[in-house]
Structure formats: C-alpha cells, structure tokens
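Close look at the chain arrangement
For reference, the chains in residue letters:
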Amino acid sequence: MPLHRFAFAAAVVAALAGMSFSPSAAAQTADPAWLRYAPLDHPLSVPTRVVVLGQDPVERNGAAELERGLLALSGRTTPDPSSDSIVLGTAQQFHARKPKAATPSLEPDEFVISWHSLPMVRELDIVGGSPRGVLYGVFALLRNLSQGADMSHASLREHPAMAIRWVDQWDNADGSIERGYAGRSLFFEGGHVRQDLAPVAAYARLLASVGVNAVNVNNVNNAAPFLQPQMLHELVRVADAMRPWGVHLALSVDVASPKSIGGLATYDPLDPAVKAWWNAKVDAIYALIPDFAGFTVKADSEGQPGPASYGRTPADAANTLAAALAPHHGVVLYRAFVYNHHLDWRDPKADRARAAYDIFHPLDGKFLPNVIIQTKEGPIDFQAQEPVSPLFGGLTRTSQAMEIQVTQEYTGQQRHLVYLAPMWKWVLDFDLRVGGAHTPVRQIISGQSFHRTLGGLVAVAGVGRDHWLNSPLAMANLYAFGRFAWDPNLTAEQIAVEWTRQTISRDPDVVSIVAKMLLQSWPAYVDYTGPLGMQTLTDITGSHYGPNIEASERNGWGQWHKADHLGVGFDRTVATGTGFVGQYSPDVAKIYESAATTPDNLLLFFHHMPYTWKLHDGQTVIQYIYSSHYQGAAEAAQFVNDWISLKGRIPDELYYNMLPRLEYQAGHAIVWRDAITQYFLKLSGIPDETGRAGHFPRRMEAEDARLAGYTVFDVNPWEDASRGKAVTCSVPSGCTAQFTYTGREGLYNLAIQYFDLQDGVAKFTLIVNGQPLVSWAANNDLPSPRPDGDNSTRYTAHQVELHTGDILSVQGVPDGHDPAALDYLEVLPGTPQP
Ligand code: GCV
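So, here's what we can say about the structure.

A few words now on the overall build of the protein. Within the protein, the secondary structure is distributed over 19 helices and 28 strands. Here the protein has a C-alpha radius of gyration of 28 Å; the compact-globule value for 834 residues is 28 Å, and the two agree. Expressed as lengths along the three principal axes of its C-alpha atoms, the size of the protein is roughly 90 × 70 × 55 Å. Looking at the protein as a whole, 63% of its 834 residues are labelled buried. Contacts in the protein between residues far apart in sequence, at least 24 positions, make up 74% of those at least 6 positions apart. Of the accessible surface of the protein, which amounts to about 29200 Å², a share of 55% is contributed by carbon and sulfur atoms. Averaging the locations of the 63 positively and 85 negatively charged side chains of the protein gives two centres separated by 3 Å.

A word on the site of the ligand. Around the ligand sit 14 residues, and of these Glu178, Lys298, Arg335, Lys376 and Glu409 come closest. Interatomic distance of 2.8 Å between a side-chain N/O atom of Glu302 and an oxygen atom of the ligand. Between the ligand and the protein, one listed contact pairs an oxygen atom with a side-chain N or O atom of Asp381 at 3.0 Å. Considered class by class, the residues forming the shell around the ligand number three nonpolar, three polar and eight charged.

Applying the stated criterion across every chain yields a total of one disulfide. Covalently, Cys729 is tied to Cys735 through a disulfide, its sulfur atoms 2.0 Å apart. The disulfide joining Cys729 to Cys735 has a torsion of about 75° about its S-S bond and is therefore right-handed. Considered together, Cys729 and Cys735 belong to a single accessibility category, that of buried residues.

Pairing is antiparallel in the open sheet, where five strands are placed in the order 19-22-27-24-25. Both edges of this open sheet fall to strand 19 (706-708) and strand 25 (771-778), since each of them pairs with a single strand only. Strand-to-strand twist in this sheet, taken as the mean axis angle between neighbours without regard to direction, amounts to 15°. Bridge count for strand 22 (residues 735-740) against strand 27 (residues 807-813) is six bridges, and the pairing is antiparallel. Its bridge partner being in strand 27, Thr740 is matched across the sheet by Ile807.

To continue, consider the pattern of salt bridges. In total, this model carries 37 salt bridges according to the counting rule given. The shortest N-O distance in the salt bridge between Arg97 and Glu123 comes to 3.1 Å. Here the residue Arg97 occupies a position in helix 2 (residues 91-97), and Glu123 occupies one in strand 4 (residues 122-128), the gap between them amounting to 26 residues. Residue class for Arg97 comes out partly exposed when judged on its relative accessible area of 35%.

Quick look at the pairing of strand 3 (residues 111-117) now. The element strand 3 is largely enclosed, with a buried count of five among its seven residues. Of the strand pairs in this sheet, strand 3 and strand 4 are connected by seven bridges, and their pairing is antiparallel. Directly across from Ile113, in strand 4, lies its bridge partner Ile126. From the end of strand 3 to the start of strand 4, which pair antiparallel, there are four residues, and Met120 there has a positive phi angle of about 80°.

Helix length check: helix 8 (residues 314-325) (twelve residues) gives 16 Å between terminal C-alpha atoms against 16 Å at 1.5 Å per residue, within 8%. For helix 8, the buried fraction is high: ten of the twelve residues fall into the buried class. For helix 8, the full list of buried residues reads Pro314, Ala315, Ala317, Ala318, Asn319, Thr320, Leu321, Ala322, Ala324 and Leu325. In this structure, the buried side of helix 8 is in contact with strand 10 (248-253), helix 7 (272-288), strand 11 (294-297), strand 12 (331-335), helix 9 (355-360) and strand 13 (371-376).

This brings us to the sheet that holds strand 11. Taken in spatial order, the eight strands close into a barrel running 6-9-10-11-12-13-14-15, and their pairing is parallel. Across this sheet, the average inter-strand angle for adjacent strands is 25°, counted without regard to direction. By the bridge criterion, three bridges tie strand 9 (residues 214-216) to strand 10 in an arrangement that is parallel. Bridge pairing links Asn216 to Ala250 in strand 10.

This part is about the side chain of Asp381. Its location among the elements puts Asp381 in the loop between strand 13 and helix 10 (391-394). When its relative accessible area of 6% is taken as the criterion, Asp381 is described as buried. Residues within four places of Asp381 in sequence aside, it is in contact with Phe337, Arg352, Lys376, Glu386, Tyr410 and Gln559.

Turning our attention to the pairing of strand 12. In terms of residue burial, strand 12 counts as a mostly covered element, since five of its five residues are buried. Side-chain alternation along strand 12 places Val331, Leu333 and Arg335 on one buried face and Val332 and Tyr334 on a second face that is also buried. Handedness of the strand 11-helix 8-strand 12 crossover: right-handed. Pairing between strand 12 and strand 13: four bridges, direction parallel. Across the sheet, Val332 pairs through a bridge with Val371, a residue of strand 13. Remark: the strand 12/helix 9/strand 13 crossover connection has right-handed handedness.

For the structure shown, the criterion picks out 37 aromatic pairs. Aromatic pair Phe111 and Trp486: ring centres 6.2 Å apart, planes at 25°, arrangement stacked. In this pair, Phe111 sits in strand 3 while Trp486 sits in helix 13 (residues 475-486), placing the two residues 375 residues apart along the sequence. Assessed through its relative accessible area of 6%, Trp486 is described here as buried. On the numbers, 6.3 Å between centres and 25° between planes, the contact of Tyr679 with Trp718 is stacked. A residue pair is termed long-range when its members are at least 10 positions apart, and Tyr679 in helix 19 (residues 652-684) and Trp718 in the loop between strand 20 (711-714) and strand 21 (725-728) qualify at 39 residues. According to the relative accessible area criterion, Tyr679 is buried, its value standing at 4%. Cluster of aromatic residues (ring-pair linked, three or more members): Trp426, Phe430, Phe580, Tyr584, Tyr592, Phe605 and Phe606. Taking the ring centre of Trp115 as reference, the NZ or CZ of Arg122 above it sits at 3.9 Å. Against the face of Phe696 rests Arg699, its NZ or CZ located 3.7 Å from the ring centre.

Turning to the environment of Asn340, a few remarks are in order. By secondary structure assignment, the location of Asn340 is in the loop between strand 12 and helix 9. The class of Asn340 is partly exposed, set by a relative accessible area of 41%. Through-space distance from the C-alpha of Asn340 to that of Lys590 is 28 Å; in sequence the pair is 250 residues apart.

Mapped onto the fold, Glu403 is located in strand 14 (residues 399-405). Ignoring any residue separated from it by four or fewer positions in sequence, one finds Glu403 in contact with Trp170, Arg335, Gln374, Thr375, Lys376, Glu377, Phe382, Val458 and Val460.

Definitions and limits used
- Residues numbered from 1 in each chain as written.
- Predicted model: local features only at pLDDT ≥ 70, side-chain atom pairs only at ≥ 80, totals over all residues.
- Heavy atoms only, no water.
- Helix = DSSP H or I, 4+ residues; strand = E, 2+ residues; numbered from the N terminus.
- Rg over C-alpha atoms; globule rule 2.2 N^0.38 Å.
- Buried < 20%, exposed > 50% of the residue type's maximum accessible area, 1.4 Å probe, protein only.
- Contact = heavy atoms within 4.5 Å.
- Areas by Shrake-Rupley, 256 points an atom, 1.4 Å probe, with all protein chains shown as cover.
- Lys, Arg positive; Asp, Glu negative; His and termini not counted.
- Charge placed at Lys NZ, Arg CZ, Asp CG, Glu CD.
- Near = heavy atom within 4 Å.
- Polar contact = N/O pair within 3.5 Å; in protein donor to acceptor, adjacent residues only side chain to side chain.
- Nonpolar A, V, L, I, M, F, W, Y, C, P; charged D, E, K, R; others polar.
- Disulfide = S-S within 2.5 Å.
- Pairing = 2+ DSSP bridges.
- Axes fitted to C-alpha atoms, helices over the stretch in contact; angles between N-to-C directions.
- Salt bridge = Lys/Arg side-chain N within 4 Å of Asp/Glu carboxyl O.
- Expected span 1.5 Å × (residues − 1).
- Right-handed = clockwise from strand over helix to strand, strands pointing away.
- Phe/Tyr/Trp six-rings, centres within 6.5 Å; stacked < 30°, edge-to-face > 60°.
- Lys NZ or Arg CZ within 6 Å of the ring centre and 35° of its normal.

Here it is, written out as structure tokens:
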C-alpha cells in the first residue's frame, strides 16, 4: 500500500519501536534453538517406548531427552502402546544383558544404532562406548528424525573425529562478555557465579547435542581471579549443571597467577616454587571438580603476562601447567595467538602474520603430551577472509587444535547474517602439503596426519543471556562448529540444510531459501567489507564493526593493508616481502609467492599490487574493489527479499524477529559499500568504469539542505558519511533539514541515512510539504559514541507519492548523547512495505 502523501494520518508518528532489534525484548535463554523437535507430519518411524540399561546420570539424561524428543516429534503425550522399544546402554551393559550376543568394541564417545528383530517385537538399540556415547547416539537419532528421515531400517555408527571439542566463552566475572553480542554472561554476574544456572544446563544440552565436550567459561584476558578459592568453590555448581550432558568445565588461566594471586615473588614457570604452586592449585581444583577438563592459556599476547618475562618459552609455561594436570588427565590448550602489538609499521619486514610460526615452530616436539597448541584459523585474527595459518603445517610432533569464532567479532557482530561454515570448511579442507603429501587441516587437527592422540576444534562462542546469540540465524554458526568438530568431512551445505530443517521448517522450499541465504551470506559480507584478502577494513583498535579503513594503518597492531595512491596490499613474499609465504610448505608457498598464481581472493594479503593490476577474471584490482562492494550490498538487499518470500511459511515470531535485522544489514552494507568505494576512489583517483562509485544522483546531502538548528560537521573517518559530512543537532526541541524534490512525479522509497548513537534515543520525522509522514526512534544498540560507520543506519519509507517541487524535511530531536545526526536522504524506486 502506498504511503500516499495525503493519506498519512494513521502512519503519523508511528514510532517504529519494532524497528529495533535490541535484545531485551527478545531476551530468553531457554530457546530450544535446533532442538525444537517440531511434530512430524508423518508417523514416527521408531518406537516411543524407551528402556535404559544403566544408572549413570548422563545415560539417564539421554533416555529422558529421547523420551521428550520422541513424544514431541510424534505429537503424543505418552509413549505408544506397542511393545517395540528403543534400548539404550553402553556396550558393557548390553554385554551383561545378553552375554552371548556380539557387542561392538567402541571408543568412549562412539555409538552404534541398529535394529534387532526378536520374536514378536522389534528393538532399536543405541549402544555407546560410554554413557556419553549413549547420549551422542540419542542426539544422532533425534537429529535424523527431526529432519524427517525414515529411521525404520536405519543403522548408524559414528565417533567424533576430534577429542577436543570445546567452546570458549570470553566471560568476565562481572558478567560482561568480551566480544560478545548477546547480552550478559550465562555464568557470572557481579564477580560471582550466578544463582540461576538453568540456562547453563540448557546451553550444555544444546552443546551436547552436537558433541561438544567442554566449555571454558572465562575470558582468556584477566583470568587470574578465577583461581581464587572462593571462585573455584562457586564454579563447582557450574560443573554440576553441565555434567549431566557430558560437558566438562575448563578455565582460562593467567600464567602470572602464582605471583598475582599466589603471593610468590615470581611466576617463572621453571621456578620450583611456581611449579609447586600450580601442582597444589590443580590438586585443589580436582578435589572440587573431579572431571575438570583443563586450562586454556593466553600469554605474552596483547598485554597478558607470559613466560617471556623470564626469558622462558611457551613450552616452559605450557609444560609446567601440563605436568600439574597430567595426573588428573587434564589438558592445556596453549594459544598460539602470541604476537607483538608494538610492531614498527615503517619496517617493511615487520609482519604480525609471521608471529605464531616464528615462535611455535622451533618448539615443535618440546611440549608434554597433554599440551595442545590452539591456533586461530588464520595468521591474523578472525578476519572476514584470511589464508590458513601456516603453523598447522609447522607442528608435526605436537598436538593441535584450531580456534574459530562463532561470536562474529569481525564479521558483523550478529547484526549481519554471516554463516561462517563455508569459510571454516575451506580452512578444514585446505591442503598444506606437509612433506609434499596430502595434509588437509582437518586431518592435522584431528591428529590423523601426524599420529597424535589429541587434537581438536575450539570455538569462541560469545553465547549470552539474550537469546543465545541474539540473532536466531546466527545460531547456525554454533551448530556448524559442533558438527564440524564431530565430522569435518561434512559440508557447509549439508550443515545448513540440517540446521534449517531442525530449526525452522522441513518444507523443501523453505529449506532451500534459508540454506541459500546462509550460504551466500559470508561471500556477500566479504564482498562488501574487505575483498581480495584485504581483511575486514574496520576500526581495528575499537569496535571491530563498521568501516574505518585507515584504522589498521600506521600503528603497531600489524593488521596493515598498506593502501596508498598507487596500490594496495602487503608484500609477504620471500623474494621481496616479509617472507611469511616461506612458512608454508614449498608446494603452497609456490602458489602464494607469485601474484600470478595467488588466488584473487587472497591476492592483497600476500602482495602489494597496483590498482591497475588485472585479476584472473580480467578486472583490475580497483574495479574489483568497486564492483564487489556493489555486488555484496545487492546480495544483502536480496536477503530481505528472500526472507519476505518466507512470510506465512515460517513461524511469525521468527519472521518478524529476523526481518528488521536483515533490513538493517542491507542498509549497513550500503554504508560499507559507500565508505570503501569512495575511499579508494579518492585515494587512487581512478574512476569506477561503471560510474557508480562516488556518484549518487538520487541522493540529497544533509549538508546541502536548508538547515534549521542543524549544523554541518566533518565525520571521522570521512568515508563513513556520504561526501564526508553530516549534520548534527544540539537544540533540545529538534532541528530540521529541508530539501526540494526536483525529480519526476511517482511513488518512491525514501531512504534516510542517520546515525543511531548510544546513550539516547533520538527521534526522527519525515515531513512532506509540512505534513508529518512517519516517525521513528533511533533506538538500536550500536557501537561508537560518535557518528560514524558503526552506527550509520538507514530508515526507508516505502511508496511515498512525490511531485516535482515537493518539500521534504527530516526533523531530528536529540536525546541524551544522541544528537539526531543526519547524513542524507535518497529517493529510490518505490517498492511495497515488507
Ligand atoms: C580475548 C582479538 C580480540 C580480543 C581477544 C583476542 C584474543 O584481539 O579483539 O578481544 O581477546 O583477539 O583472541 O585473545
């Protein structure tokens, strides 16, 4: 329905509170996520009567989960009267039950599901190598049934590919979560473990359903307080809450603890008193929590203390901790994220990407068997796109785990739909060609390639109290992590389909649309943020969210892209650059050493190239930068249309939860697009051959408007506003920017680009010829206390009837620290209100 200019009464001051997706409204932690067990539209293919052979709480819990799932799926309230049954137990228990029957020999987390026909009845057996194996079998059966699979003749045998399947939470004792975008901690508040740990148990259930076996609950930064006796006592309750799901507690530790909280004069890991301190501390932990999983360590990194203070190596520190943990079967995950963040950006040889390999490769073989080196997937830091860390190929005598990030720190912070599984899959499948042999990362981290008993996949999750990850579709990433840790041979597509069927709908059309959106979302995000291996071109010293291209330059953090007026990219070659390429095996290095053979999507990570360099697809670097940003923003806009096509076919609650998020994303993708294209246009001086970059004929800039109360200011960084300027209001009653419409008569969408700041809810009203048409509140929860690309936001009024000479005004009323800042108004072809 058009928003006809004379039919606006009902829309006037329609404060669009619903536009915000601030989490509080949606706050709930018991969301079943992918464990909804929606009723099937066909009869269940397995019995609903469940018999459990053992008494172990994990096994009993598995039986309860199975009963609950089967009843929900079948739409029944009590088991069916048939005498067929599902029998659960460990291999040992099955053997005791029928000593003459063949029982499989299983690894602890392995399970077998098989049918047995007895006289008169059929029995489906779920046999686990341990109670947890039984639980995993239960979840596997339910996963298949939930997707609509016919299990009436099913036979499954599975075991996890990796021993370490951990989630890391970067939760602080005060209840905040570092790089978390879903509210407060599930675990902590005000310096203590929370009283209500039901959400923790619900989280453990979700994690167990995909095979996750431990949660490290505290931030790798500022970890010392967690080893205080009082906190350890409180943590017992957390371990208790997770244990019935076979999920164990782990902790991040600060290697300086012997000194900072232990009262010793030193934390030198080779000092006997320090070793004794760790031994006693670890014994105390196990006395409280006998199945404690182990420690994660961040040391000598980003201000965290480490063994380097005493001239010791990471192996010295890791082994001191590992020796204390070994008698209790605990492990140390020592992070390879060790680097100097005071690099000299003027030094052409300085390169943060080199750090992990330079430090850890020489230590290969020097770690105790219960040490696992935990390496981020790429050599920098969870960028939208990076090459694989060469360290995976550089440790052949050391156990390894790969760290990935579910919490979308550099990838849209859950305000953008970015399904990361395709990126992870690319890393898992990447063949590092160690010793000239096929060595995909997935086989290295599962321990297969170099015959290690330990190996793993660890995800930094950032799950919080606001609806787990805040955005319902972001949960596909948590699911995908668990599935890959269980089986890295799965594909991103398979996982997207599995997740959608269980979480949203089994309707094949819905599944195909949602899976398509998921699968396109990461490439789209790369396209509109940092293509060609430039990394996420964001404010790297602050929010890590909106565009800020120079934030990575001329500082010690080493996330440089080295753009200048002639070219862009970082020469990391052996021949002329930092030599980083030489950290890969010769087969891989050969590809990356030459710009001609480096895949386009990583070109600028490895090479500094002129803007005029021709890529493999024939476009120049600069033209690709322009085109990919327009392409990515168009794809983000298409997600809105895709989602609209699902209306009525998915639950309304989900539909209306996601719609404003996707609309916001489409608007923010334009902010990214415009920031990067106008930045590179100015820097390179080379025009976009399609004429788009820097040309906005439909746009009316606020700084050119007739202003009442508003004042013009320079946005910082300049590229975050159209033409670098915007207007801001400090008049409490409000300010107005007035434009004259000079185009043709018709129905149009009016896009208003404004800045939605924290600490205040500014109000905006669009006024046509003196008549208020629509109002909205700037009430989204976005980073940055000043107007910039973090909070530049688009509001669209649909199908507005315009005539030549119409007077369009935007009125902004500031509130608190939000000055109702305005960038521009754009007149676009009319489309109906979603
Ligand atoms: C926990 C990045 C993040 C930090 C994080 C660090 C890490 O630098 O921005 O917040 O600190 O990675 O992984 O240790």
